[in-house]
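Letter by letter, the chains look like this.
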Amino acid sequence: MKFDKIFGATERQDGLYKIGRSKYEARFGFGKDEKTGAGYDYRKQYKYKPEVDELKDEIFELVNEEVDKTILSGYEYDGKMVWLSTENQFNYKAAYDLAVQTGGASLPVTLKLGTLEEPEYVTFEDVETFSAFYIGAIKFIQKVLEEGWNEKDKVDWTKFECDE
């Protein structure tokens with residue numbers, strides 16, 4: 001069982017809480033839903049007292065999964081969703097490098113953006129426009145990675161040492 005996103009939180013409540021005779025609940029993080037503004041955190045219940053190292057591994061895994069998910073489908077270019085799978089990142093880099101190395105002679109290049117249900121094809125005619133797309137994607141990836149690192153760094157692990 002993994003951590004569940006639970007709505008209703010109003011603030012960050014990191015820690016391990018004893019909620020029964022031999023039942024514990026770990027709480028981690030705080031965020032707000034972009035559409036509704038509702039606060040949420042992540043929670044997981046245990047039928048035993050987990051060790052801090054176990055919680056650390058699980059929380060880091062949760063943060064890594066959220067970072068990967070955001071990188072994959074969180075970037076937009078010109079209002080269009082960009083699917084940043086590893087394969088697409090490689091293909092975008094190869095096309096960008098070639099465009100820069102050839103001074104734009106390899107352009108135009110057409111990319112499929114949007115969603116599976118609503119694909120949108122965008123043609124990049126010049127290096128400047130393609131650079132804006134590609135460098136924007138790279139900056140987005142770096143920003144999401146840094147947010148993940150910061151999330152991991154700000155955890156106070158002493159709060160997960162539940163006293164009985």
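Just so we're clear, the structure is a prediction, and the values are computed from it rather than from any experiment.

Caption draft 1: Structural context of helix α3 (residues 127-153). Its 27 residues give α3 an end-to-end C-alpha distance of 38 Å, which sits within 8% of 39 Å, the value for a rise of 1.5 Å per residue. Residue D126 occupies the N-cap position of α3, its side-chain oxygen lying 3.2 Å from the main-chain nitrogen of E128.

Caption draft 2: Spatial organisation of helix α1 (residues 52-73). When the terminal C-alpha atoms of α1 are compared, their 32 Å separation across 22 residues agrees well with the 32 Å that a helix rising 1.5 Å per residue should span. All buried positions along α1 are accounted for by L55, E58, I59, L62, V63, V67 and I71. Tucked inside the fold, the buried residues of α1 contact β2 (15-20), β3 (23-32), β4 (39-46), α2 (86-101) and α3.

Caption draft 3: A look at the sheet that holds β4. Spatially, β1-β4-β3-β2 is the arrangement adopted by the four strands of the open sheet, whose pairing is antiparallel. A single partner strand is all that each edge strand has here, and the edge strands are β1 (4-7) and β2. Recorded for the sheet is a direction-independent mean angle of 40 degrees between the axes of neighbouring strands. With four bridges joining them, β1 and β4 adopt antiparallel strand pairing. Bridge pairing in β4 links I6 to D41.

What counts, and where the lines are drawn
Residues numbered from 1 in each chain as written. Predicted model: local features only at pLDDT ≥ 70, side-chain atom pairs only at ≥ 80, totals over all residues. Heavy atoms only, no water. Helix = DSSP H or I, 4+ residues; strand = E, 2+ residues; numbered from the N terminus. Expected span 1.5 Å × (residues − 1). Polar contact = N/O pair within 3.5 Å; in protein donor to acceptor, adjacent residues only side chain to side chain. Buried < 20%, exposed > 50% of the residue type's maximum accessible area, 1.4 Å probe, protein only. Contact = heavy atoms within 4.5 Å. Pairing = 2+ DSSP bridges. Axes fitted to C-alpha atoms, helices over the stretch in contact; angles between N-to-C directions.

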